[in-house]
Each structure stands twice: as structure tokens, then as C-alpha cells.
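Residue-level structure breakdown
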Amino acid sequence: MSSDCPPGPVPKPRKLTFSWWDYLLAFAEWINAFGNARAIDPGLYFTGSTPDPSAPVLVTGNYHLTVFLLWRTLRGRNVRVLVIDTLGINVWCSSGKGRFCASEILRQVHRCDPADLIHEGHVRLVLPKLSLSGVKLSELRAAGVQPVIGPIYRHDLPRYLDEGTFRDRRDDKYRFDLRDRLFILVPSVVQFSLYMAVPSLLLWGWNHLYPSFPAWTPLAYGLGLSIPYIVLFPVLPTRQFAVKGLVTAGISLAALSGWWLLQHTWTPWTFVYTAVLMASLGLWFGLYFTGNSGVSNYSLVKREIVRWLPVAALGLAGALLLAVVKGGLR
Amino acid sequence: MITIDRGRCTGCGVCIHVCAREVLSLEARHAVVRDYPACLECGACQLNCPADAIEVTKGTGCLLAILREDILKIAPPGSGCGCGSSSGGISKGGCG
């Protein structure tokens, strides 16, 4: 391996540390605000007080939030972390794009002093299992690196490290359970709200000329749908994201209708507008959520998008048209 | 789609070990697709199969990516989701 080392000084391992500013940055990255994804300098880091040659070597991408969360998980442990250059993209996405790959890992390995990477006599690297869509394990083995399939979940790392056997986590499965869904709930809702602010603004503008339905309805109904959709995702019927959205919309509409009847504020106009708007928002959110879910099958999702996207667009346009007509009739 | 060439499959099981969704299993010393809807079509099995026996229609199962890459065709494969666009786009340089 040393024959591939580029000329120049070999960078020494650096201590992995984060400040209070990184907590703020990580929070902003988590809620998906400001498009502010930052990258960490690639290279070899250590989490203890000094580099420990007996410490295992974990590999990760250089998305700031990824490395920050890994650092928090590894606090109090002596671990070496090889951060590879994934252009500031998380492990799963960058491996899907071919950036988290064997050649990039080897490039970073060759930048290091081999002695800094040796673990129990080998250059043994623990890879996140979700990187394997980009990493060809045989390519690493051919280069003299011993790859180990590590856990999928960050919170499984401490127990994995405690076991000390460094066996492949062959049976690890991405579950998309409630914990996973709650983690993406806030960013999903924030991002979807930004999209739904557009029809709300259009309605707000129209209402200045001809008052019709409240401008907040697309935004509020979108928010109202997205939270139960994410929480109830596995129990909503069918595997189609869009149909799950329609079901959530139906349940929400039934609850709203009951409330209107009790309040005696129900009008046919309001009902038709709300039904059309809710149905289209349910479809929109379902289709939007394909990118955040982690369990979307490309071919099936593509088929769904072709089928349901025109319906969702027509529904939203229809709801806005109803508002225009109602305002004009006044 | 995911297809397995039974003639080429040696039953080594690597595809099963690298899969994060338990999509594949071994039957009569050959890999078979057990749960296709659970498949993410990430391509880990195809990439790591030593016998080149697996073919996957690899792609990003995301509205924005499919809209931009497959329907409107305004973004090259792997860059349509917007993930990482602030870094100047995705380069596959050296990664194959």
C-alpha cells in the first residue's frame, strides 16, 4: 500500500473535537434550514486524548452532521475515525452517488502513515453497512485492507465496539422504525412547509383582492397531514407513499368535518375546497416523503410519481381555482 | 428491478450479507429475491457480487431526483435530489 502514497508530508492524526458552535450548526443542519450543509476536513482523527494504536478504525463520510453525531456517540472511547471526502454528503446518499467508494477510502488510507491505521496487525476498517452500495469490498481486500461490515445504526456502535470481535454485521437491517421516523419528522415538516408556503402566499395575495378561503389553509393542512403520516407510516394501508397520503387526508378530513358539524360552521364550499385541498396535499406529501423515508424502491416510486404527480398538481390547482371562483362570486 | 442470473450465482451469500433490507435469501444454493418491495435498489448486492450474477435498476427513489433526472431530464443521474449541490455537484471521479 505504501507504494501509492503521494509525495509530501504525511498528515498526522488529529483529535476530533467540536465546540458549542458545532451544536448550533448541527441543529440547523438537522432541521434542514438555510441549506447550510458543511464538510469536515478528510483525514484520520482520534477520539481519545492521544492516538491509540490498539483502537479500532471507523470510516465515515465528511458531512458535518454525520461526524458530529458519530463524535457524540463515541465520547469517552478511544477510537480512530477515518473521514473520507464525500463532498459533505452523508454516508448513505454519498454511497448511492458513488462517492463513498473503495477508491476514495484507499485514497485517504494512502494519505496516512500505515502505522497510524494498523489495528491488531492489519489495516482493518469498520465500514458503515449503508455504505456498501458504493463500496466494493473485494477492491479493498485486493489493496491489502481488511474491511469489516459495521452496524447500520450509530447507536449500535458502543455495544459493537465493546464486543471487540469486529465481526461483520451481516444481519443488521435498516428498520425505519419510530425512532428513525421521529428523527426525520422535524426536517421533513420544515421542508414541506416551505413548499406549502407557496400556495398559501398565492391565496394571501388573492384574498387582498377578493376574500375567499383563509390563506393559512394549505400550510396548516400540509403540516397537519405530515405529522400523522410520518408517525403512522407503517400502519397506513398499502406500500404506496401517495396512497398512504390519501388515506391520511381522508382521516384528517373526516375529523375536520366532525368538528365543523359540531361548531355549525360547515358550508358546502368550505367542504369541497377542504376535501380537494386535503387530497392533493396528502398526495404531495406522500410523494415528497419518498426522498426522506429511507425505504423507497426506485422503480416503484418512479411508477407512483408518473401516476400520482399529475393528480396532485391538478388537485392543488383545483383547490386554488375554487378559492378564486368563490372570491370572485362575492 | 432486480434480477439474478441463476446460472452465474454460486450461492456464496455475499449479496445477502451486504443487503440492509433482507431482500434476498438463499434457496437451493442460489440467491433469490424474497421481498422485492423492501428493496431500495441501492445496488450493494450487484456491486459486491463476485460472479456478476445480479442486475439492479439503480436509482434514487426520491420525488425531486426522479422529476429532474428521469422525467424532465434536466439533471444527470445521481445529482437530481439536490443533496450536496452546495458543494458544486457530484463528481464520480475515481469511484467508478
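Residue numbers restart at each chain and count upward from 1, following the sequence in its written direction. Think of it this way: whatever chain is written first is A, whatever ligand is written first is 1, and the rest follow in order. Selection of residues for local features in this predicted model requires a pLDDT of at least 70, selection of side-chain atom pairs for listing and counting requires 80 or more, and totals for whole chains, interfaces and linings are taken over all residues.

1. A short note on the overall build of chain B
Numbering of helices and strands runs from the N terminus, with a helix taken as a DSSP run of H or I at least four residues long and a strand as a DSSP run of E at least two residues long. Of the regular secondary structure elements, chain B holds three helices and four strands. Taken from the N to the C terminus, the helices and strands of chain B come in the order β-α-β-β-α-β-α. A pair of residues counts as a contact when their C-beta atoms, built from backbone coordinates, are within 7 Å of each other. Pairs at least 24 residues apart make up 35% of the contacts formed inside chain B by residues separated by at least 6 positions.

2. What about the overall build of chain A?
Helix and strand content of chain A: twelve helices and seven strands. Based on C-alpha atoms, the radius of gyration is set beside the globule rule, defined as 2.2 Å times the residue count to the power 0.38. Taken over C-alpha atoms, the radius of gyration comes to 25 Å for chain A, far larger than the 20 Å a tight globule of 330 residues would show. Summarising its shape, the C-alpha atoms of chain A cover approximately 80 × 35 × 30 Å along the three principal directions.

3. Let's talk about the domain arrangement of chain A
Residue and element names in this part refer to chain A. Domain start and end points were adopted from an automatic or database domain assignment. If you check the domain split of chain A, you get domain 1 (2-163) and domain 2 (178-329). In this structure, domain 1 and domain 2 have C-alpha centres spaced 39 Å apart. Across the contact, four residues belong to domain 1 and four residues belong to domain 2. Nonpolar residues are Ala, Val, Leu, Ile, Met, Phe, Trp, Tyr, Cys and Pro. Charged residues are Asp, Glu, Lys and Arg, and all others, Gly as well, are polar. Here the side of domain 1 that touches domain 2 is composed, by residue class, of three nonpolar, one polar and no charged.

4. What about the interface of chain A and chain B?
Facing the 42 residues of chain A at the interface are 37 residues of chain B. Its residues placed into classes, the side of chain A that touches chain B shows 19 nonpolar, twelve polar and eleven charged.

5. Observations regarding the domain arrangement of chain B
Each domain of chain B was delimited in the assignment, giving domain 1 (2-56) and domain 2 (60-87). For domain 1 of chain B versus domain 2 of chain B, the separation of C-alpha centres amounts to 26 Å.

6. Notes on helix α11 (residues 268-293) of chain A
Expected span, for any helix, means 1.5 Å times one less than how many residues it has. Here α11(A) contains 26 residues, and its C-alpha end-to-end distance of 36 Å stays within 8% of the 38 Å for a straight helix at 1.5 Å per residue. Count one or two residues on from α11(A) and you reach Gly294(A), which has phi positive near 80°.

7. Some points on the confidence of the model for chain B
Chain-level pLDDT for chain B is 84 on average; 86% of the residues reach the 70-or-more range. pLDDT under 50 marks residues 85-96 of chain B. Its contacts with residues more than four places away, or in other chains, come to 22 contacts. In predicted models, pLDDT denotes the confidence assigned by the predictor to each residue on a 0 to 100 scale.

8. Some words on the packing of helix α10 (residues 241-263) of chain A against α11(A)
Residue and element names in this part refer to chain A. Direction vectors running N to C along α10 and α11 enclose 145°, while the axes themselves pass 7 Å from each other. Handedness of the crossing formed by α10 with α11: right-handed. Of the residues that constitute the contact of α10 with α11, the class distribution is 15 nonpolar, eight polar and one charged. Each axis is a line fitted through C-alpha atoms, and for a helix only the stretch in contact is used; angles between axes span 0 to 180 degrees, taken between their N-to-C directions. We call a crossing left-handed when the near helix sits turned anticlockwise from the far one by less than a right angle, and right-handed when that turn is clockwise.

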